[in-house]
Amino acid sequence: MRGCRAFIAGLVLLIGVVGAKAGSEGRAARTLSTEGLAKVSDYIRNEIATGKIPGAILLLQQHGKPVYHENFGVRDVGTGISMSADTIFRFYSMSKPITSVVAMMLVEEGRLSLDDPVSKFIPALAGMKVGIERKAADGRISLTLEPQERPITIKDLLRHTAGLPYGFYGGGLVRELHAAADLFNSDLFNAEFVAKLATLPLAEQPGTVWTYGFATDVLGRVVEVVSGKTLLQFEKERLLDPLGMTDTAFYVADPARFARIAEPMPDDRSISPTTVVRDIRRPVRWESGGAGMVGTIGDYARFAQMLLNGGTYEGRRYLKPETIALMASDHIGPETKIARDRMYYPGESSGFGLGFAVRTSVPPGTSWPLGEYRWDGIAGTFFFIDPEDDLFGIFMAQTPSQRGRIQLELKTLVYQAMGR
C-alpha cells in the first residue's frame, strides 16, 4: 500500500510536469541570456586563474540540444593537456543515479519490488543490529545492539533510509566502527563487500532517518543477485551500451586512455581524513554502485537526456515516464516522519527521491524551479535536471575541496542567466 501511494504521487508529479510543459507553449520559452552565460564563463576562468582547479567542462542542454558547452583549462596541471570532451572523470556519487535506474528497470519487470526486504536477496542483512548509544550515570557512553523493528527494504536503499552510514563523516560509536572497518578503501567483490558490511551495526532503525552511506552499494549487489550478472555486466547490457556510454566503467582499462584522465590539483586529493582520490588506472574488484564509476561528460549527457525525456533516448525506452516521475518525487517528506541526518546534503529546500535530491521549495531570493532533481560527486562533478525548463546541466571538474562552493555559486549563475 505504501508503494501504491508513492506511485500515485509520482503520477501526480508527472502530470504536473507535462502540464507545465504544455502551458509553456503559451509563453516565450525561458532561455539563457548571452550576458548571463558570459558571467558563467568568467567565473570558471577565474577559478582556474586563481589556482583552485586545473580545468572543467560545463554543458547546458535545452530542448535536446546544447545551448552552452565549454571546455576550460587543462585535464591535469602535471601534463598540461587541454581539457576536452573526451576527458575521463571520476563520477563518485554520480554513480548512484545510474545504479538506481538499473534497479528500477528490475522493478518495472516485476523482478524486484520497492517493498521487498533486502534480506530476501542478501540474507545476512536480516541479522544486522541497530546501534543505540546509552549514557551511564557516570557519563560513560556505551553501545547497545538492538534488533531491527522492520526489515530494510529496497526503497530504503534507494532513498538512503537504510541506516548504513559511510563512517568517515559525523560522529558517534556506530560511525566509529564503520570508519575503523575502512570499507571505502577496500577492494572486495560486491558480495564480499556486503558480507563485511553486514557484520557492522546500523546507525538507525530502517526507515526512520535519511543517512548518507553505502545503501546504493548494497543496491548494486541486489542487482547482481537478481540479474545473475556482475553489476557492470548488467549495466552495460541494459543501459550503458545501448545509450552509447562507451567510456563509463569502474576504472580505465585501456592504457591508451590514461592521458585522458582528469586530475585535481596536487594538494587537493583528499576526500576524507583517511581517503584520497583513487587512481582509476588501477583495476578494481569492487564495482561500487554508490561511488565507483568513471566516464565522460558526453556519456553522462546521454543518461541525463534519457531521464529528461521521461525514460527514452533516440527511440529506445529504458524506463516508463511514470517510473521517472516516481524517482523524481520526494519520498522523505513530512508525512513520512523520516528525520534528516545532521549532514543532510540535499539542503533545506530539497527532499530526496529514489536516487536523486528533489527540489521541494524555492530557495529565498530565487525562483528556482520546483521538481528539479540532481546529485553530485565528491571529486567535484554535479548535474541537475530541470523538467520545467526542459533543461539539464552537467559540470565536470576534479576538486574535492572546492566542490560545494563551486556547485552553489555556479548553479546560481546559471539560473540567474535564465532570469531565475
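Visitor: Even after reading the chapter, I still don't get the environment of M396, so can you show me in this structure?
Guide: With respect to the element layout, M396 can be found in strand β17 (residues 391–396). Here the alpha-carbon distance between M396 and L125, two residues 271 residues apart in the chain, equals 36 Å. Ignoring any residue separated from it by four or fewer positions in sequence, one finds M396 in contact with G55, A56, I57, F89, F91, M94, T296, I297, Y300 and T381.

Visitor: Looking at this model, I keep getting lost on the packing of aromatic side chains. Mind explaining?
Guide: Each aromatic ring pair is described using two quantities: the centre-to-centre distance and the angle formed by the ring planes. Under the criterion given, the structure shown has 22 aromatic pairs. Aromatic side chains F91 and Y300 sit 5.1 Å apart centroid to centroid with 80° between the ring planes, which places their arrangement in the edge-to-face category. Taken together, the residues F91 in the loop between β3 (89–90) and α3 (95–108) and Y300 in helix α9 (residues 297–308) connect sequence positions 209 residues apart. Owing to a relative accessible area of 0%, F91 belongs among the buried residues under this scheme.

Visitor: Mind showing me how you'd approach the nonpolar core here?
Guide: In summary, soluble globular proteins display a tendency toward joint burial of nonpolar side chains. In this structure, I154, L157, L239 and F303 are the most contacted members of the largest nonpolar core, which totals 95 residues. In this structure L157 touches V118, I152, A162, L164, A215, T216, V218, L219 and V222, once residues within four positions along its chain are discounted. Core analysis: the next-biggest nonpolar cluster, separate from the first, contains 24 residues, L37, A56, F72 and V414 among them.

Visitor: Sorry, what's going on with the pairing of strand β1 (residues 55–62) here?
Guide: For β1, the buried fraction is high: eight of the eight residues fall into the buried class. By the alternation rule, side chains of β1 split into G55, I57, L59 and Q61 and A56, L58, L60 and Q62, which are all buried. Judged from the eight bridges that link them, β1 and strand β2 (residues 65–73) form a sheet pairing that is antiparallel. Note on β2: the bridge partner recorded for A56 is F72.

Visitor: Before we go on, may I ask you to explain the sheet that holds strand β15 (residues 373–376) in this structure?
Guide: Each strand in a sheet pairs with its neighbour through backbone hydrogen bonds, running either in the same direction (parallel) or in the opposite one (antiparallel). Spatial ordering of the open sheet is given by β2-β1-β17-β16-β15-β14-β13, a layout of seven strands whose pairing is antiparallel. Strand pairing shows two members of the sheet lacking a second neighbour, β2 and β13 (350–352), which therefore form its edges. Neighbour to neighbour, the strand axes of the sheet diverge by 15° on average, direction disregarded. As paired elements, β15 and strand β16 (residues 382–386) share four bridges and run antiparallel to each other. Looking at β16, one finds that R374 is bridged to F384. The sheet contacts of α9 involve β1, β2, β15, β16 and β17, and relative to β17 the element is tilted by about 155°. Sheet contacts for helix α11 (residues 403–416): β1, β14 (357–359), β15, β16 and β17; angle to β16, the most-contacted strand, approximately 30°.

Visitor: I'm lost on the layout of surface pockets in this one. Help?
Guide: Where empty space is left in the structure can be found by rolling a water-sized probe over the atoms. If you add up the space inside the largest pocket, you get close to 740 Å³. Lining the largest pocket we find 34 residues, and of these Y345, P346, D376, R403 and Q407 sit closest to its centre. Elements represented by at least two residues in the lining of the largest pocket include exactly β7 (270–272), β14, β15 and α11. With five residues, α11 is the largest single contributor of residues to the lining of the largest pocket. Split into classes, the residues belonging to the lining of the largest pocket amount to 20 nonpolar, eight polar and six charged.

Visitor: Looking at this structure, I do not really get empty space enclosed by the protein. What am I missing?
Guide: This structure, assessed with the given rule, holds one cavity of 30 Å³ or more. Here the largest cavity is characterised by a volume of approximately 50 Å³. Of all the elements, α11 adds the most residues to the lining of the largest cavity, at four residues. Tallied by class, the residues present in the lining of the largest cavity amount to three nonpolar, seven polar and two charged.

Visitor: So what exactly am I meant to see when it comes to helix α6 (residues 190–197) here?
Guide: Count 3.6 residues to each turn of an α-helix, and residues three or four apart come out pointing the same way. Those residues of α6 lying buried are N190, F193, V194 and L197. Take α6 and look down its axis: the buried residues cluster within an arc of 95°, on one side only. In the core, the buried residues of α6 are packed alongside α5 (173–181), α7 (215–227) and α8 (231–243).

Visitor: So what exactly am I meant to see when it comes to the pairing of strand β5 (residues 141–146) here?
Guide: When a strand is regular, its side chains alternate between the sheet's two faces. Bridge count between strand β4 (residues 130–135) and β5: six bridges; the pairing is antiparallel. In the strand pairing of β5, E133 is matched with L143. Where β4 folds back on β5, the antiparallel hairpin that results is connected by five residues, among which G139 adopts a positive phi of roughly 90°.

Visitor: Would you explain the pattern of salt bridges in this entry?
Guide: Two side chains bearing opposite charge may form a pair once their charged atoms approach each other closely. This model, assessed by the stated rule, comprises 30 salt bridges. Residue E372 is joined to K411 by a salt bridge in which the shortest nitrogen-to-oxygen separation is 3.0 Å. Taken as a pair, E372 in the loop between β14 and β15 and K411 in helix α11 lie far apart in primary sequence, 39 residues in all. Three or more residues joined by partner-sharing salt bridges are found here, namely R75, D86, D247, R257 and R260.

Visitor: Before we go on, may I ask you to explain the environment of T399 in this structure?
Guide: Mapped onto the secondary structure, T399 falls in the loop between β17 and α11. Considering only alpha carbons, one finds T399 and A56, 343 residues apart in sequence, at a separation of 9.7 Å. Excluding its chain neighbours within four sequence positions, the residues that come into contact with T399 are K52, I53, P264, D268, A379, G380 and I406.

About the criteria used
Residues numbered from 1 in each chain as written. Predicted model: local features only at pLDDT ≥ 70, side-chain atom pairs only at ≥ 80, totals over all residues. Heavy atoms only, no water. Helix = DSSP H or I, 4+ residues; strand = E, 2+ residues; numbered from the N terminus. Contact = heavy atoms within 4.5 Å. Phe/Tyr/Trp six-rings, centres within 6.5 Å; stacked < 30°, edge-to-face > 60°. Buried < 20%, exposed > 50% of the residue type's maximum accessible area, 1.4 Å probe, protein only. Core = buried A, V, L, I, M, F, W, Y, C linked by side-chain atoms within 4.5 Å. Pairing = 2+ DSSP bridges. Axes fitted to C-alpha atoms, helices over the stretch in contact; angles between N-to-C directions. 1 Å grid on protein atoms, 1.4 Å probe; cavity = no way out; pocket = protein on both sides within 12 Å on 5 of 7 lines; lining within 4 Å. Points joined across faces, edges and corners; volume = space filled by probe spheres on them. Nonpolar A, V, L, I, M, F, W, Y, C, P; charged D, E, K, R; others polar. Arc of directions from axis to C-beta. Salt bridge = Lys/Arg side-chain N within 4 Å of Asp/Glu carboxyl O.

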